[in-house]
Amino acid sequence: MLALATLTNFAAASSLSLRNGKGKGKGHQPHKECSPFPKGDFTIDYFQLYPENMDFDAHRCLLLIGAVFNATFPIYDPYTRTVQKIHEYPGVSYTETYHIGGVAWDPYTNLYTILTDPAAPWVPDAFGVNVSGTHLLMKYNPDTDQTLWTLNISETTQEKYGGFQDIETDSKGNTYVVGTFPGTILRADKHGRSIKPWYLPPPPFPPTTQKGFSGLAHVKDSNILLSADGDGQLYRFDTNLPIGIPIKVPITPQVLYNDLDAIYLPPKYDGSILLVSSWLSGTQVLRSKDKKWKKAEYLGTVPNPPGGNGEGIQVATVQLGPNTEKGGRIFVVFGFFDTPFVPGTVAGPRRLFPMPDITEEVEKLVRKK
């Protein structure tokens, strides 16, 4: 576990450790409203990017990327196709011991949330066997270039459970962190003073090798938090409650995948459409017409597009552009696990990362029924 002194230095340095990318360090002036995003696939050209998750900042029109193997936080302008900044974290980035996957824009405050996680739980063929290591949750203000607070999640978990990989924020400013080995959810208060277990499995506590929740999605301006379980089931939580209580959301017809990753509510559908990423099957499209998610319709699955070339798996989806049905477009995020690593680095040799456009395919399913 990172020592307290290292954490103190980390918190101070994390707001300063920026490396200019192709954007020449000029930054990006916020748009009053993001322009409609161009139709079609595109490719992010950046050596060893290896995204694990993405989120779009609809206030500044920037794409936030969790670069998993380098454990960095790139900020990308998808309109100009340039990397604006890369946030690097001492003791975390380029260590091989740590990853960064969970990154999110908070639509209520325009702040960013970043989650670092140990690599140990994600060793192939040994998922969840070792959940040791430090998880750090950070809240960052991009306008002042300051990390507002940093919490050590492992001080709460005592390394008894882990695999934390996704984050969400509710309208009250609480931040939720989902763990996979086994399925757990933690909640941090808006001031970053503490983080506590919000949902833990009932006793007997499952082994850490049992895959649980893998994604989070909050219905904007509501008390509804959604998460997908390791068996493919969808659950609803009430964020007004002091402790999370999972309520199974029946899916009709029941089509379940057991290789799920991130889940996502595209803003263009205003909370009525949920996209569930399956590593191998594609994008599961679910609908709740009343946006209450007491039940869900299975509309179909968009197969993984050829952008992964058979080498990548789907780990997430993301909408780019304005929060309008015509202006916002939906893209697949592929995860790649190239080996061997480039000598002297902690990642493979890839520099081209495809972003397939599945907007039309999703829209066909939404309009079909």
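Residues numbered from 1 in each chain as written. Predicted model: local features only at pLDDT ≥ 70, side-chain atom pairs only at ≥ 80, totals over all residues. Heavy atoms only, no water.

Participant: Go over the overall build of the chain, please, and point to the residues and values.
Facilitator: Summing up its helical and strand segments, the chain has three helices and 26 strands in all. Burial analysis of the chain (369 residues in total) assigns 60% to the buried set. Taking all contacts inside the chain whose residues are at least 6 apart in sequence as the whole, residues at least 24 apart take part in 56%. As displayed, the chain offers around 15200 Å² of accessible surface, 54% of which is attributable to carbon and sulfur atoms. (Helix = DSSP H or I, 4+ residues; strand = E, 2+ residues; numbered from the N terminus. Buried < 20%, exposed > 50% of the residue type's maximum accessible area, 1.4 Å probe, protein only. Contact = heavy atoms within 4.5 Å. Areas by Shrake-Rupley, 256 points an atom, 1.4 Å probe, with all protein chains shown as cover.)

Participant: Quick rundown of the pairing of strand 14 (residues 195-199)? Include the residues and the values.
Facilitator: Where strand 13 (residues 184-188) meets strand 14, four bridges bridge the pair, whose relative direction is antiparallel. Following the sheet pairing, Arg187 is matched in strand 14 by Lys196. Counting the residues in the hairpin turn of strand 13 and strand 14 gives six residues, including Gly192, whose phi is positive at 70°. (Pairing = 2+ DSSP bridges.)

Participant: Requested: an account of the environment of Leu111, with residues and values cited.
Facilitator: Looking at where Leu111 falls in the secondary structure, it is placed in the loop between strand 7 (98-105) and strand 8 (112-118). For the pair Leu111 and Asn141, spaced 30 residues apart in the sequence, the C-alpha separation amounts to 5.1 Å.

Participant: Could you give an account of the sheet that holds strand 9 (residues 136-141), with specific residues and numbers?
Facilitator: One open sheet accounts for four strands, arranged 7-8-9-10; its pairing is antiparallel. Lying at the two open borders of the sheet, with one neighbouring strand each, are strand 7 and strand 10 (146-152). Across this sheet, the average inter-strand angle for adjacent strands is 20°, counted without regard to direction. Here six bridges tie strand 7 to strand 8, and the two strands are oriented antiparallel to one another. By the bridge assignment for strand 8, Trp105 is matched with Tyr112. (Axes fitted to C-alpha atoms, helices over the stretch in contact; angles between N-to-C directions.)

Participant: An account of the confidence of the model for the chain is needed here, citing residue identities and associated values.
Facilitator: Of the residues in the chain, 90% reach a pLDDT of 70 or more, and the chain-wide mean stands at 91. Note that pLDDT drops below 50 for residues 1-31; the model gives that stretch 64 contacts with residues more than four away or on any other chain. (pLDDT = per-residue confidence, 0-100.)

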